[in-house]
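# Chain and residue survey
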Amino acid sequence: MDHAADAQRTDLMTITRYVLNEQSKHPEARGDLTILLSHIVLGCKFVCSAVNKAGLAKLIGLAGDTNIQGEEQKKLDVLSNDVFINALKSSGRANVLVSEENEEPIFVEASKRGRYCVVFDPLDGSSNIDCGVSIGTIFGIYMLQEGSEGTVADVLKPGKNMVAAGYCMYGSSCTLVLSTGTGANGFTLDPSLGEFILTHPNIKIPKKGKIYSVNEGNAKNWDQPTTSYFIICRYVEKAKFPIDGSSPKSLRYIGSMVADVHRTLLYGGIFMYPADKKSPNGKLRVLYEVFPMSFLVEQAGGQSFTGQGRALDIVPKNIHERSPIFLGSYDDVEEIKALYSAAEVKKE
Ligand SMILES: O=P(O)(O)OC[C@H]1O[C@](O)(COP(=O)(O)O)[C@@H](O)[C@@H]1O
């Protein structure tokens, strides 16, 4: 009888147990972060089951409204948004909420207010919902500034100020990747237990990858500014026809940031959503897409770059601000950074 394997098989590290352990490293949180995270986890379980039975439960298709991003809301977008807003409010630990689906920040009523601010994309990858391709929820957590009663200023802070971030991917399995600032860990939902179990401890992204992930369909719009167009194309051109004889990189693009970043975290490589003519500031939103994903990638040993600097150093001016993003394996992002600084030198 292999007792060690048995012990491991029966000694389950659930996400609740993991967060409770982490709590000891955050005495100032007095358990509040644990309670808040447990409500986010509950929301993820709810959305996971709704996504799994979407076709059966007539949750496929449009809800009939358009959100602040000008996107037609899917039924699951609206449902997920309501689930997370209610879960966060009922935690009694949340204060300011920012959702991709809500134009304005949500200020939790005083009786239920806590010390944390949560920025979230309730269902990322909406374009993939109806065809059953992996989608996900993304979240980032800030602590209220000293003496603040909770204003939008508490979330218009650099991403490096976050105390925790994560995403939950609804794919072939439901996987939640979380960081509270001491590494990134992945948990898989065991539907029979209804528990997230630690399956990817201390994720370390490979230093260099063989995959690049970008919507090349936007290539013709990439030349704004012209130099960045040239830089990125040159990067992709370099990637397809390597100068130094190494094998070409493979293109992988799902079109759901959660799924593309999850693969990048595990396999290495680079995920990019550059600026272009159509969206000179890129497409992805700083607070609830760029920041949480950059936080996790850095915690896993990778890096995240905007074309101008470290993504987590951005000081957002509004809650739905967008930014170009290049994130992934340390060496791959170093290459892009080198191309950008070369272009800067050229401009001088
Ligand atoms: O279709 P495009 O332009 O490549 O954009 C895909 C990107 O947009 C997103 O779908 C935006 O997210 P939402 O679906 O939450 O609006 C990302 O998940 C994805 O990386």
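Overview of the structure.

About the criteria used
- Residues numbered from 1 in each chain as written.
- Predicted model: local features only at pLDDT ≥ 70, side-chain atom pairs only at ≥ 80, totals over all residues.
- Heavy atoms only, no water.
- Buried < 20%, exposed > 50% of the residue type's maximum accessible area, 1.4 Å probe, protein only.
- Helix = DSSP H or I, 4+ residues; strand = E, 2+ residues; numbered from the N terminus.
- Pairing = 2+ DSSP bridges.
- Near = heavy atom within 4 Å.
- Polar contact = N/O pair within 3.5 Å; in protein donor to acceptor, adjacent residues only side chain to side chain.
- Areas by Shrake-Rupley, 256 points an atom, 1.4 Å probe, with all protein chains shown as cover.
- Salt bridge = Lys/Arg side-chain N within 4 Å of Asp/Glu carboxyl O.
- Axes fitted to C-alpha atoms, helices over the stretch in contact; angles between N-to-C directions.
- Parallel < 35°, antiparallel > 145°, perpendicular 65-115°, else oblique.
- Left-handed = near helix turned anticlockwise from the far one by under 90°.
- Contact = heavy atoms within 4.5 Å.
- Nonpolar A, V, L, I, M, F, W, Y, C, P; charged D, E, K, R; others polar.

### Side note on the pairing of strand β8 (residues 174-179)
- The buried fraction of β8 amounts to 6 of the 6 residues, a majority that puts the element mostly inside the structure.
- Residue alternation in β8 divides its side chains into two sets, Cys174, Leu176 and Leu178 and Thr175, Val177 and Ser179, and both sets are buried.
- One ladder, built from 6 bridges, connects strand β7 (residues 164-170) with β8; its direction is antiparallel. Looking at the pairing, Tyr170 lines up with Cys174 of β8.

### Looking at the site of the ligand
- Around the ligand there are 18 residues in total, and Ser126, Asn215, Tyr253, Met257 and Tyr273 lie nearest to it.
- For the ligand, an oxygen atom lies 2.9 Å from a polar atom in the side chain of Lys283.
- Side-chain polar atom of Arg285 to an oxygen atom of the ligand: 3.1 Å apart, as the coordinates give it.
- Taking 470 Å² as the accessible area of the ligand by itself, protein coverage stands at 89%.

### Some details on the pattern of salt bridges
- This model, assessed by the stated rule, comprises 16 salt bridges.
- A salt bridge links Asp332 to Lys208, with the nearest nitrogen and oxygen atoms 3.2 Å apart. Highlighted residues: Asp332 in helix α8 (residues 330-347) and Lys208 in the loop between β10 (195-200) and β11 (211-213), separated in sequence by 124 residues.
- A relative accessible area of 44% means that Lys208 is categorised as partly exposed.
- Residues Lys249 and Asp332 are paired through a salt bridge, measuring 3.3 Å at the closest nitrogen-oxygen approach. Linking Lys249 in the loop between α5 (226-240) and β12 (250-251) with Asp332 in helix α8, this pair joins segments that are 83 residues apart in sequence.

### Let's talk about the packing of helix α3 (residues 32-52) against helix α4 (residues 75-91)
- Two numbers describe how α3 lies on α4: the axes approach to 9 Å, and their chain directions differ by 155 degrees. One element, α3, and the other, α4, form an angle in the roughly antiparallel class. Considering only the axes of α3 and α4, their crossing is right-handed. Every residue of α4 that contacts α3 at Ile35, Leu36, His39, Ile40, Gly43, Cys44, Phe46, Val47, Ala50 and Val51 is listed here: Leu76, Leu79, Ser80, Val83, Phe84, Ala87, Leu88, Ser90 and Ser91.
- Its residues placed into classes, the contact of α3 with α4 shows 14 nonpolar, 5 polar and no charged.

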